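Coordinates in review
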Amino acid sequence: MRREMFLFTAALSFVAGNLAATGTAYPHITALACTLSSIAVMALGLRFPGLRILLFPLLGATGASTYTAMLPGAESSSLTESRLLDISGIITDGGLSSSGRPFLEISVGNENTIIYNIPQNTVWMPGDSVKASVRCSEVENFTEDFDYRSYMAKQGIFYTCFYGHGSSMTVTACGRPPVKLIPARMRKRFSAAVDSAIQGDDKVQVRAVVKALAYGYQDEIAPEIEESFRESGAIHLLALSGMHLGLFYGVLRRLLCIIGNSRTARRIRSVIITLALWAFTIFTGCGVSILRAAVMFSIYEAGVIAGRQRNGINALALSAIIITTLDSSAPSGVSFQLSYAAMTAIFLIFPHLRDLVPVRGKILRSIRDVCAMTIACQTTTAPVILLHFGTFAFYSLIANLLCSPLVSVAMFLIPAVLAAPDTGGILTDAPERILTETIELFICINATISNL
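Just so you know, the residues in each chain are numbered from 1, in the order the chain's sequence is written. Totals for whole chains, interfaces and linings use all residues, but because this is a predicted model, local features are given only for residues with pLDDT of at least 70 and pairs of side-chain atoms are given and counted only at 80 or more. Each side-chain value is derived from all of the structure's non-hydrogen atoms; neither hydrogens nor water enter the calculation.

We count a stretch as a helix when DSSP gives it H or I for four or more residues in a row; a strand needs E for two or more, and each element gets its number in order from the N terminus. Of note, S404 is situated in helix α16 (residues 396-419). Leave out the neighbours within four places in its chain, and S404 touches L237 and A399. Contact criterion: two residues are considered in contact whenever any of their non-hydrogen atoms come within 4.5 Å of each other.

Structure follows, in C-alpha cells:
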C-alpha cells in the first residue's frame, strides 16, 4: 500500500468515526488525547507497514472521540420565551433574511441569538453594543426535511428574537472592537464599498453575486437566481470555495516570482503566501471549503520550507483530520462532504480521465481539463447531493464549461472596480461595466441552463 493512500484511508477512518458518533459527547481532554494518539498511530503505521491494516479500526474510534459537546444545552440558556424580553449583548454579524428583512446576530453571554425584522435604517457594525426589548421564542423546526433546531444549536442559538409592535432597540458604537470581530467589520465595510462602486437599482443582483464571489455572502441573492444556479449545477461557482482561494494562490505565486528561486527566496515566498492565504481565509469567515483549501496550501508551503516534495493526497488527508479535530461538527455538514468529495475526485479520478483524451493546443487542453474535472467531481459529489437534496444537475458539464472562465474574469475585475474611486480618475468606469456585463452573462447562462 502506497504511503499516501495509507494516510488517505486513515483520514477516511477518522472522519467516518466522527460521523458515526454524531449525537454523542466526550470531554475535550479526551478528544485531545485521542487526536494525539491518532497521530502517533499513523506514525507507527508509516514506520511498520505490516501493522497498517490493523490500525484502521483504531483510527475510526479516534475520529469518533472527537465529536465533543462544545456548546451548552438549551437548559442553560439565559433567554426565555416572552412577548417582550429585555436583552443586551454584542453584535457579531447581520444581514438579510430570506424575506429581505434585515437581522442582527447577537452574542448574549455564552450563547448567541438573532433579532429578526430590525428597522431598515438601523446603523450598526460588528462589535457594537445593543440593548433591545423584543419578542423571544424557542427555535423550532419548520419542516420535517431539515432539523433546523439542531442546526441552530450547533451555532449556540436556542432562542430567536423578533422586533415588532412595542419593541425598542438602541445600538451603541464600539470604539475598540474585539479582535475576533475585526474580520466581520472588514466584511461590512467591503459590502458598503461594493454598493458604492456598483450603483443602480438595476444592478442589485450584480452586487449580490459580487459579494458572494468575493467573500461568500449570499443573503442578498434572490431565491430564484440561487435556485437556477443549483439546478444548473454551478452553485459551487457562486459559493466561496477552494477554487477562489486557488486563484488567489496562483496570483500570489506569480507576483512573488520576482523574489527569485533560491532556497531562501522560496522559503520567504512560502511564508508570505501562507500568511496572505490565512488573512484572506479569516476575512471571509473561515467557511469549510475555503478552510480546507487554506490548510492544504499551508501544508504544501510547509513542505517547501522544510525542503520536502509536495503531495496532494497527503495534504488532503491531513487537512481533513485537522479540521475534524478543530470542529467536531464539520464532517456532518454538506459543505465538508462536498468539498472533500470533489477534492478526492480531483486527485484520484481526474488525472485518469484527462489522460484518456490526448489533445494538442492550449485552448483544447483547457476545454478537456474542465470537462474531465467536472465529470470527475460529479462522480463523487452526486451521491452527496442526492442524499441531501434529492436532485441531480444533468447539465452541470455545460454550466461549468461556460461559467468557470467568467468567474475567473470577475475575480480579477473586482479589485480593479473597488480601487477605481481611489485612483484619482486614472481608472475609468470600464472595469465596472465589464464586471457588470460578466456577472449578468453569468446569471443569464445559469438561468437558461436551469430551464432546459
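As a further point, take the pattern of salt bridges. Put simply, a salt bridge is a Lys or Arg side-chain nitrogen that is within 4 Å of an Asp or Glu carboxyl oxygen. Scanning the entire structure with this criterion turns up 12 salt bridges. For R185, the salt bridge goes to D128, with nearest N and O atoms at 3.9 Å. Residue R185 is found in helix α5 (residues 182-197), and its partner D128 is found in the loop between β3 (111-116) and β4 (129-138); the two are separated by 57 residues along the sequence. Across this residue pair, the class does not change: R185 and D128 are buried. The shortest N-O distance in the salt bridge between D355 and R354 comes to 3.6 Å. Only protein chains enter the area calculation, which uses a 1.4 Å probe; residues under 20% of their type maximum are buried, those over 50% are exposed, and those in between are partly exposed. On the basis of relative accessibility, which here comes to 28%, the residue R354 falls in the partly exposed class. Salt bridges sharing partners connect three or more residues here, namely D195, R207, K211 and E220.

With 65 residues, the main nonpolar core has V210, L213, L245, L435, I439 and F442 as its most contacted residues. Top element by residues in this core is α16. It accounts for 9 residues. Side-chain atoms within 4.5 Å link the members of a nonpolar core, which is a set of buried Ala, Val, Leu, Ile, Met, Phe, Trp, Tyr and Cys residues. Judged by nonpolar contacts, the second largest core, of 18 residues, contains L79, V130, A132 and F158.

Mapping T284 onto the fold places it in helix α10 (residues 263-284). T284 sits in the buried class, given a relative accessible area of 10%. In terms of polar contacts, T284 uses its side chain to reach the backbone carbonyl oxygen of T281, at 2.8 Å. Among all residues touching T284, those that are not within four sequence positions of it are R187, A214, Y215, L240 and I290. Pairing of N or O atoms within 3.5 Å defines a polar contact, subject to two protein rules: one partner must be a possible hydrogen donor and the other a possible acceptor, and residues neighboring in sequence count only if both atoms are side-chain atoms.

This brings us to the packing of aromatic side chains. Pairs were defined over the aromatic rings of Phe, Tyr and Trp, the Trp ring being its six-membered one, requiring ring centres within 6.5 Å. Orientation was assigned from the angle between planes: stacked under 30 degrees, edge-to-face over 60, tilted for the rest. For the structure shown, the criterion picks out 12 aromatic pairs. Here F297 and Y300 contribute two aromatic rings whose centre-to-centre distance is 6.2 Å and whose plane-to-plane angle is 55°, an arrangement assigned as tilted. Of this pair, F297 and Y300 both sit in helix α11 (residues 288-306), 3 residues apart, which is roughly one turn of the helix. Both residues of the pair, F297 and Y300, belong to the buried class. Ring pairing ties together the aromatic residues F190, Y215, Y217, F248, F280 and F283, which thus form one cluster. Geometry around W124 places K188 over its ring, the cationic atom sitting 4.6 Å from the centre. Should the NZ of a Lys or the CZ of an Arg lie within 6 Å of a ring centre and within 35 degrees of the ring normal, that charge is described as sitting over the ring.

Let us look at the pairing of strand β2 (residues 102-108). Burial within β2 is extensive, with 5 of its 7 residues counted as buried. Each pair of strands is called paired provided DSSP finds at least two bridges between the two strands. In this sheet, β3 lies alongside β2 in antiparallel orientation, the contact comprising 6 bridges. Considered in β3, the bridge of E105 is made with I114. In this antiparallel pair of consecutive strands, β2 and β3, the connection spans 2 residues, and G109 shows a positive phi of 65°.

What follows is about the confidence of the model for the protein. On a range of 0 to 100, pLDDT expresses the predictor's confidence in each residue. Per-chain confidence: the protein averages 78 in pLDDT, with 81% of residues scoring 70 or above. Across residues 23-31, confidence stays below pLDDT 50; counting only partners more than four residues off in sequence or on other chains, it has 16 contacts. Scored below 50 in pLDDT, residues 66-71 makes 31 contacts in the model with residues more than four places away or belonging to other chains.

Fitted lines through C-alpha atoms serve as axes, helices being fitted only where they are in contact, and the angles separating the N-to-C directions of these axes extend from 0 to 180 degrees. Taken N-terminus to C-terminus, the directions of α5 and helix α6 (residues 204-215) make an angle of 145°; their axes are 10 Å apart at the nearest point. Note that α5 runs across α6; the crossing there is right-handed. Each of R187, F190, S191, V194 and D195 in α5 lies in contact with α6, whose residues at this interface are R207, V210, K211, A214 and Y215. Per-class residue counts for the contact of α5 with α6 are 5 nonpolar, 1 polar and 4 charged. Left-handed describes a crossing whose near helix is turned anticlockwise from the far helix by less than a right angle; the clockwise case is right-handed. Residue polarity follows a fixed list, in which Ala, Val, Leu, Ile, Met, Phe, Trp, Tyr, Cys and Pro are nonpolar, Asp, Glu, Lys and Arg are charged, and the others, Gly among them, are polar.

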